[in-house]
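Structure assessment
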Amino acid sequence: MSNREWWKEQWLDLINSYHFKKRLERGWKYAREGNVLSIEFEGQKVIAKVKGTESEPYQISLWLDIFSDEDWNYIIEEMSKKVIFSAKLLAGEMPHNIEEVFAIAGKRLFPFSLSDVRAHCSCPDQANPCKHISAVYYLLGDRFGEDPFVLFQLRGRTKKEILTKLRQLRGKIDEEAATVNLTETYTFANYPIPKIQQFWNYDEQLESSLVVIIPPPSSATVLDILGSINITNNGEKTHKSSVAMEAAMEYLRKVYQEVSQQAVTEALNND
């Protein structure tokens, strides 16, 4: 399973945990036959139209309990403290252990059960979920697979809000780290500085069992943390400058990946 699929699978597992399988089967049939006419996200709600037995489609709305501003500020601050979380989210991926951050705040991103998903359908069926709601459940899995930030939106924060706050907090953390490094450099300024040619030399025998070389734990690069390169045409963003920006980012991503792979290969082949 790829990194871009696991949250979709978790959503489908949630649906399949429902006890009344017949309702789910009818919903799956409706979804497969194209009866779901539209799915839109309006604020923190999912609004859908599903074709049923009537001439007019049924109106479905789905929503989750949203988190408070205080909860979200705490959650995003905790995310920013973990570089891998920031890198993956800025790259559009959902970290596998994302629930750890929400658990610290006493919250949960994914619903624990279908009873945590609020739903309403305009059809006369009193059962919840009815087959129309069930059909939307299944297609929502595809939406979550395409964009994990939809889940955040249903909990009260848009993709733009989360990424903007993450970049601000990461920038502050990096700035503080740079200040510490400058302070350390100044503190040791009066000590003898080794010759640059000898800086990386080490004459003692290394214990081979203590040296472990492994590939990086994530495919994310510094580009994922810093965001897109801002390329403009005389200060204005145009289609041409946008194409140039995407081309430059794609090229740099390949360069970073190739350099990383070559570095690991060289290290492993070096006796």
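Here, every reference points to the structure presented above.
Residues numbered from 1 in each chain as written. Predicted model: local features only at pLDDT ≥ 70, side-chain atom pairs only at ≥ 80, totals over all residues. Heavy atoms only, no water.

Inspection of every chain in the model, using the stated rule, returns eight aromatic pairs. Look at F67 and W72: their rings are 5.8 Å apart centre to centre, the planes differ by 50°, and that puts the pair in the tilted class. For the ring pair W72 and F102, a centre distance of 5.9 Å and an interplane angle of 85° mean the geometry is edge-to-face. Highlighted residues: W72 in helix α3 (residues 69-80) and F102 in helix α5 (residues 98-104), separated in sequence by 30 residues. Taking the relative accessible area as the measure of exposure, W72 reaches 0% and is therefore buried. Members of the aromatic cluster, connected to one another through ring pairs, are F67, W72, F102, F149 and F152. (Phe/Tyr/Trp six-rings, centres within 6.5 Å; stacked < 30°, edge-to-face > 60°. Helix = DSSP H or I, 4+ residues; strand = E, 2+ residues; numbered from the N terminus. Buried < 20%, exposed > 50% of the residue type's maximum accessible area, 1.4 Å probe, protein only.)

Right, let's talk about helix α2 (residues 21-32) for a bit. For an α-helix, the turn length of 3.6 residues means that residues three or four places apart are oriented alike. Between its terminal C-alpha atoms α2 stretches 16 Å, which fits the 16 Å expected from 12 residues at 1.5 Å a residue. For α2, the full list of buried residues reads L24, G27, Y30 and A31. Around the axis of α2, the buried residues are gathered within 120° of arc, so they sit on the same side. Every exposed residue of α2 that faces more than 90 degrees away from the buried side is listed here: K22 and R32. As for α2, its buried residues are in contact with α1 (6-16), β1 (36-42), β2 (45-50) and α6 (131-146). In the stretch just after α2, G34 is the one whose phi turns positive, near 85°. (Expected span 1.5 Å × (residues − 1). Arc of directions from axis to C-beta. Contact = heavy atoms within 4.5 Å.)

Glancing now at unusual backbone geometry. Here N128 and P129 are connected by a cis peptide whose omega angle stands at 10°. Topologically, P129 is positioned in the loop between β4 (118-121) and α6.

Once that is clear, we can look at the environment of E77. Here E77 lies in helix α3. As a C-alpha pair, E77 and L169 span 92 residues in sequence and 7.0 Å in three-dimensional space.

Quick look at the sheet that holds β2 now. One open sheet holds the four strands; their spatial order is β1-β2-β3-β4, and the pairing between them is antiparallel. Edge positions in the open sheet fall to β1 and β4, since each of these has one partner strand only. Here the average twist between neighbouring strands, direction ignored, is 15°. Where α6 meets the sheet, its contacts fall on β1, β2, β3 (58-63) and β4, and the angle it forms with β1 comes to roughly 65°. (Pairing = 2+ DSSP bridges. Axes fitted to C-alpha atoms, helices over the stretch in contact; angles between N-to-C directions.)

Of the strand pairs in this sheet, β1 and β2 are connected by six bridges, and their pairing is antiparallel. The residue of β2 that forms the bridge with I39 is A48. Between the end of β1 and the start of β2, which pair antiparallel, lie two residues, with G43 showing a positive phi angle near 65°.

Another point: the pattern of salt bridges. The full count for this structure, using the stated rule, is four salt bridges. A salt bridge links D65 to R118; its shortest N-O distance comes to 2.9 Å. Residue D65 is located in the loop between β3 and α3, and its partner R118 is located in strand β4; the two are separated by 53 residues in the primary sequence. What makes D65 partly exposed here is its relative accessible area of 40%. Salt-bridge contacts for D69 lead to R157; the nearest nitrogen and oxygen are separated by 2.9 Å. (Salt bridge = Lys/Arg side-chain N within 4 Å of Asp/Glu carboxyl O.)

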